[in-house]
Amino acid sequence: MKKKVLKNMEWWIVVWGIALSIIGLIALFSATSEANYNEFTKQIIWIAVSIVAMIIMMLIDYNMLIKASPILYAGSLILLIIVLFTEPINGATSWFSLGDFAFQPSEFAKIAVILFLAFATSKLQEKGKEEINKPLKLLIIISIIAIPLLLIILQPDYGTAAAYLFALALILFTAGISKKYIIATVLLVAILAPIVYTYVLPSHAKTRIEIFLNPESDPRGAGYNVIQSKLAIGAGGLTGMGIMKGNQTQLGYLYPKTTDFIFSVIGEEMGFIISALVIILYVLIITKIIYIAKTAKDDEGSYVAIGIAGIFLFHTLENIGMTMGLLPITGVPLLF
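This one's a predicted model, so the numbers in the text were calculated from it and none came from an experiment.

K.L.:
For this particular structure, what's the right way to read the packing of aromatic side chains?
P.N.:
In this description, a pair of aromatic rings is defined by centroid distance and the angle of the planes. What the rule picks out here adds up to ten aromatic pairs. Ring centres 6.5 Å apart and planes at 70° place the aromatic pair tyrosine 37 and phenylalanine 40 in the edge-to-face group.

K.L.:
Honestly, the confidence of the model for the chain in this entry has me stumped. Any pointers?
P.N.:
When pLDDT is low, close inspection of the predicted coordinates is not appropriate. Looking at the chain as a whole, the pLDDT averages 90, with 98% of positions reaching at least 70. No element of the chain has a lower mean pLDDT than helix H1 (residues 2-8), at 65, and none a higher one than helix H13 (residues 262-295), at 96.

K.L.:
Mind showing me how you'd approach the nonpolar core here?
P.N.:
A general trend in soluble globular proteins is that nonpolar side chains are found buried together. Formed by 72 residues in total, the largest nonpolar core has its most connected members in Leu117, Ile141, Tyr164, Leu172, Val278 and Tyr282. For this core, the secondary structure elements donating two or more residues are helix H2 (11-31), helix H5 (69-82), helix H6 (105-124), helix H7 (135-153), helix H8 (158-175), helix H11 (224-235), H13 and helix H14 (299-323). For this core, the element with the most residues is H13, which contributes twelve residues. Here isoleucine 141 is in contact with Leu117, Ala120, Thr121, Leu124, Ile132, Leu168 and Leu172, once residues within four sequence places are set aside.

K.L.:
When you look at a nonpolar patch on the surface in this model, what are you seeing that I'm missing?
P.N.:
Taken together, the side chains of Ile183, Leu187, Leu188, Ile191, Leu192, Ile195, Val196, Tyr199 and Val200 make up a nonpolar region of the molecular surface, amounting to roughly 910 Å² of accessible area. Counting through the fold element by element, leucine 187 comes out in helix H9 (residues 179-199). Of the residues examined, leucine 187 reaches a relative accessible area of 51% and is grouped as exposed.

Quick notes on the rules
Residues numbered from 1 in each chain as written. Predicted model: local features only at pLDDT ≥ 70, side-chain atom pairs only at ≥ 80, totals over all residues. Heavy atoms only, no water. Phe/Tyr/Trp six-rings, centres within 6.5 Å; stacked < 30°, edge-to-face > 60°. pLDDT = per-residue confidence, 0-100. Helix = DSSP H or I, 4+ residues; strand = E, 2+ residues; numbered from the N terminus. Core = buried A, V, L, I, M, F, W, Y, C linked by side-chain atoms within 4.5 Å. Buried < 20%, exposed > 50% of the residue type's maximum accessible area, 1.4 Å probe, protein only. Contact = heavy atoms within 4.5 Å. Patch = residues over 30% accessible without salt bridge, like charges linked within 9 Å, V, L, I, M, F, W, Y side chains within 5 Å. Areas by Shrake-Rupley, 256 points an atom, 1.4 Å probe, with all protein chains shown as cover. Salt bridge = Lys/Arg side-chain N within 4 Å of Asp/Glu carboxyl O.

Right, here's the structure in full:
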């Protein structure tokens, strides 16, 4: 059994993930030099815990996890409800804090929701793949993700909510959703977008969009972070200013440099070559996951893989895009 697991394992994903983790640790080491390396130490601990978790998950048949997904899904919903009654951190009730340990239930819920979507979609398609295009069954799939999505929006955490939508879109596409639904969705979004912006979005979300379009309109306020981020990445040049030598990073202009804007630290201190390598590594991981989804032995495995690819794709595009001023700023971290 163990030999079979090791033989079938996609070792390149592990190698690429480790490479990204090493680059991330170097950047975090530099970014936390004035704070006694607290975040750097925590990251090492989390990587160690993650490796142990990865080994354990390798030994579990994913079909067992899919069968348990209704319980995992229900547990995730309970946590997402409870977290709404916690003390806000940076204006959002997204975190459970236990001393120095803190976690977001919405992050763990991503896996539970993807597993349950795979479970439900495959069950609804037992009579044929075209079953997904029946309005009632499609509505069931959408309702599965609508509940956690609403709870996450209430926190509020629009960035994480968008990641769920990416996963849903790729799962439905892989399941064979009709083009008429895709076209209808695009038209609906185009019609509703200005209405949602005007009457639904809270003021802070509107501000982020306005600053994305014109960060120089408030250079010392809402536009400050993205301006400093673009300056940092631009200053890095081809090979970077050197570890612990970046002006924006070391002089405190870049914030928050240990989380949302860690790619800016990489761009400033390691330069274009390493920054491009980071992007290439993400592209390799995502394309490999899509390949796994395409060659999976069953539909459940295919849906789980493509859902995870959707999460990875959104985090990569949004985080790197916002640090370069190409997308609005959200609290979406860069993976690894």
